[in-house]
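Geometric and topological summary
Read off the chains here:
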Amino acid sequence: MPVLEVKGLKKRFGPTAVLKGIDFSLEQGEALAIIGSSGSGKTTLLRCLNFLELADDGIISVNGEVIYRGGAGSKFSDAEIRKKRLHFGLVFQNFNLFPQYTALKNVTLAGEMLAKERPDFRTRRKEILAEIEEGARALLDQVGLSDKLDFYPHQLSGGQQQRVAIARALALKPDILCFDEPTSALDPELTGEVLKVIRSLAEKNTTMVIVTHEMQFARDVSDKVLFMDDGFVVESGTPEQIFDNPREKRTRQFLERYNGN
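First, a word on what this report is: a plain description of the structure on this page. (Residues numbered from 1 in each chain as written. Predicted model: local features only at pLDDT ≥ 70, side-chain atom pairs only at ≥ 80, totals over all residues. Heavy atoms only, no water.)

Some thoughts on the overall build of the chain
Heads up, the condition is: Only DSSP runs of H or I covering at least 4 residues are called helices, and only runs of E covering at least 2 are called strands; the numbering of each starts at the N terminus. For this measure, only C-alpha atoms enter the radius of gyration; the expected value for a globule follows 2.2 Å times N^0.38, where N is the number of residues. Method for areas: the Shrake-Rupley scheme with a 1.4 Å probe, in which residue coverage is limited to the protein chains shown. Positive charges come from Lys and Arg alone, negative charges from Asp and Glu alone, with His and the N- and C-terminal ends not counted. The location of each charge is read from NZ of Lys, CZ of Arg, CG of Asp or CD of Glu.
A tally of regular secondary structure across the chain gives nine helices and 10 strands. Here the chain has a C-alpha radius of gyration of 19 Å; the compact-globule value for 261 residues is 18 Å, and the two agree. Principal-axis analysis of the C-alpha atoms gives the chain an extent of 60 × 45 × 35 Å. As displayed, the chain has an accessible area near 13,000 Å², and 47% of this comes from carbon and sulfur atoms. Side chains of the chain give 35 positive and 37 negative charges; the mean places of these two sets differ by 5 Å.

Considering the pattern of salt bridges
The following threshold applies: The rule for a salt bridge is simple: a side-chain nitrogen of Lys or Arg has to be within 4 Å of a carboxyl oxygen of Asp or Glu. For every residue, the accessible area obtained with a 1.4 Å probe (protein chains only) is divided by the maximum for its type, and the residue is called buried under 20%, exposed over 50%, and partly exposed between those limits.
Enumeration over the complete set of coordinates arrives at 14 salt bridges. The closest approach of N and O atoms between Glu-5 and Lys-7, which form a salt bridge, is 3.9 Å. On the basis of relative accessibility, which here comes to 44%, the residue Lys-7 falls in the partly exposed class. Among the ionic pairs, Arg-250 bridges to Asp-229, the shortest N-O distance being 3.2 Å.

Considering helix H5 (residues 158-171)
The line we're drawing: Under the convention used throughout, the expected extent of a helix is 1.5 Å for every residue step, that is, one less than its residue count.
End to end, H5 covers 20 Å across 14 residues, agreeing with the expected 20 Å (1.5 Å per residue, within 8%). Looking one or two residues past H5, Lys-173 carries a phi angle of roughly 55°, positive in sign.

Here it is in structure tokens:
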């Protein structure tokens, strides 16, 4: 059973169709790289998966459970949307950390807010918050920031901020971790440290959807590659098939441009 299955996902903004029927599936522990030109619909797809936008049509299933069908999203309450988002963790292009909080607090904040909804929170408050902090410390250590727990975002480099954002996304133990161009806001010197963390997650069989313009990274880290153009999935396959022997002319044109040919 796929961890994630998407069928016929469509999204319009006014008269503009941005997603025109997206289909793909992802097994446990697989990493999917999504490539394509700007405006092809990649970020909108991630936003629909994370319920930051509601698709106009289509089905999203996680672990065999349909969590979105058709245009029913207008009927969801805010609480239902929050619950559906917990299946996904999203790392944004521009970090989106809270500037008034330390690295540690940025990672614990969502878990602390959710914990307040637990029926045992009042009686086990201290224990629950200690568990959340312990988990956050472990995650920041995992991304190489155990010495930056008390640093504020403005005291961190862009690469360090993005690693805090990755730890934050992992903190709620999502089924699927999503990245939207995770290195696009970084200087080239800082890109490597973030890609190293994502590679380590792939080695630990973290299920991931990665929108990226780093073609070599997409090839190295992914189990599947999906090429999008003009709101469609033009081609999908293994990294070897997509990068070495693309079937579709549009895929070849895109890769030739990226490779400078």
